[in-house]
Amino acid sequence: MSARKPFVAGNWKMNLERKTALGLALAVRDAVGRREDVDVAVFPPFVYLDEVARALAGSRVRCGAQNCSDEPSGAFTGEIAPAMLVDVGATHVIVGHSERRHLYGEGSELVGRKVQLALEHGLSPILCVGETLEERDARRTESVVGEQLARGLAGVDGRALQTRVTLAYEPVWAIGTGRTATPAQAGEVHAYLRGVLAGLYNEPAAENTRILYGGSVKPDNVRALMAVRGVDGVLVGGASLKPETFLPLLEFR
Ligand code: 13P
């Protein structure tokens, strides 16, 4: 039996405000209800996390942060520690998103330290990997995502991998561009990543680890992407910001 239950995650990025964030969270909570066949999580901006997590308490919808510090506490102006996230009700954290890697210069070693610290504090990390268009055109997709994966998971044991870590393949050229990877392109990279996991750990560990696809996922392409072997869920940006576009993603079958 595979432990890879479908997972639909909404990364709100730097969008919404207190009222719209709360309204969206409640709409997701009500739509998910007691459904057991899918895991759902939302990732509000830090400042709304506390309130959104309270609104979702007792529901099946999880709440996470979009980033965290690689340090447990101290003089790190502007940073948020994993323990603080847990303190306000976060269960998950996105680590290594391409916007962090490319706009804020986060390297794979830093990303790996964040994954480790998040795990130490009881958070479930979603580790993102993905190639730029230039890297894809230069046929470097596999080496880029393989390296991001190996370094991001350095120090993560097989048990933590299978029970706590989710991976997300997010091709940079497909994020916010309206240009989605084709099901075949997503399938190829997901299969490659699972092969890398099998090499780093073993076959069962690779088979039990969820890998999400992210990049311009919308109601009209979610079914085709979710039908791909090896795509275990979706990490959604733009379409996660409104109930009208996010809730239909839960009907991915
Ligand atoms: P879009 O769905 O807006 O392309 O964003 C994807 C993403 O980056 C999710 O983390």
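Visitor: How would you sum up the overall build of the chain? Please name residues and give values.
Guide: Check the secondary structure of the chain and you find twelve helices and eight strands. Its C-alpha radius of gyration of 17 Å places the chain within 12% of the 18 Å reference for a compact globule of 253 residues. Seen along its three principal axes, the alpha-carbon backbone of the chain occupies a region of about 45 × 45 × 35 Å. Within the span of the chain, comprising 253 residues, buried residues form 53% of the whole. In the chain, the proportion of contacts linking residues at least 24 apart, taken out of those at least 6 apart, comes to 72%. In the structure as shown, the chain presents an accessible area of about 11,400 Å², 52% of it carried by carbon and sulfur atoms.

Visitor: Explain the packing of helix α1 (residues 18-32) against helix α2 (residues 46-56) to me, and be specific about the residues and the numbers.
Guide: Closest axis-to-axis distance for the α1/α2 pair is 10 Å, and the angle between their directions is 25°. Comparing the axis directions of α1 and α2 gives the class roughly parallel. The way α1 lies across α2 gives a crossing that is right-handed. Along the contact surface, α1 presents R18, A21, L22, A25, L26 and R29, while α2 presents Y48, E51, V52, A55 and L56.

Visitor: So what about the site of the ligand? Which residues, and what values?
Guide: Taken together, 13 residues lie near the ligand, and K13, H97, G176, S216 and G238 sit nearest. One of the side-chain nitrogen or oxygen atoms of E170 is found 2.9 Å away from an oxygen atom of the ligand. Within the backbone of G176, a nitrogen or oxygen atom sits 2.6 Å from an oxygen atom of the ligand. In the complex, the protein chains occlude 95% of the 310 Å² of accessible area that the ligand would expose alone. Residue classes in the shell around the ligand are distributed as four nonpolar, seven polar and two charged.

Visitor: Lay out the sheet that holds strand β1 (residues 7-11) in plain terms, naming residues and giving numbers.
Guide: Strand order around the closed barrel formed by eight strands is β1-β2-β3-β4-β5-β6-β7-β8, with parallel pairing between neighbours. Taken pair by pair, the neighbouring strands of this sheet meet at an average axis angle of 25°, ignoring direction. Sheet analysis places β1 next to strand β2 (residues 39-43), joined by five bridges and oriented parallel. Across the sheet, residue G10 finds its bridge partner in β2, namely V42. Sheet strands in contact with α2 are β2 and β3 (61-65), and its direction is about 165° off that of β3.

Visitor: I'd like a description of the layout of surface pockets, backed by residues and values.
Guide: Counted as a void, the largest pocket has a volume near 490 Å³. Taken together, 19 residues line the largest pocket, and the ones lying closest to its centre are M14, Q66, N67, R100 and Y104. For the lining of the largest pocket, the element with the highest residue contribution is helix α4 (residues 98-103), accounting for three residues. Of the residues contributing to the lining of the largest pocket, the split by class is nine nonpolar, six polar and four charged.

Parameters at a glance
Residues numbered from 1 in each chain as written. Predicted model: local features only at pLDDT ≥ 70, side-chain atom pairs only at ≥ 80, totals over all residues. Heavy atoms only, no water. Helix = DSSP H or I, 4+ residues; strand = E, 2+ residues; numbered from the N terminus. Rg over C-alpha atoms; globule rule 2.2 N^0.38 Å. Buried < 20%, exposed > 50% of the residue type's maximum accessible area, 1.4 Å probe, protein only. Contact = heavy atoms within 4.5 Å. Areas by Shrake-Rupley, 256 points an atom, 1.4 Å probe, with all protein chains shown as cover. Axes fitted to C-alpha atoms, helices over the stretch in contact; angles between N-to-C directions. Parallel < 35°, antiparallel > 145°, perpendicular 65-115°, else oblique. Left-handed = near helix turned anticlockwise from the far one by under 90°. Near = heavy atom within 4 Å. Polar contact = N/O pair within 3.5 Å; in protein donor to acceptor, adjacent residues only side chain to side chain. Nonpolar A, V, L, I, M, F, W, Y, C, P; charged D, E, K, R; others polar. Pairing = 2+ DSSP bridges. 1 Å grid on protein atoms, 1.4 Å probe; cavity = no way out; pocket = protein on both sides within 12 Å on 5 of 7 lines; lining within 4 Å. Points joined across faces, edges and corners; volume = space filled by probe spheres on them.

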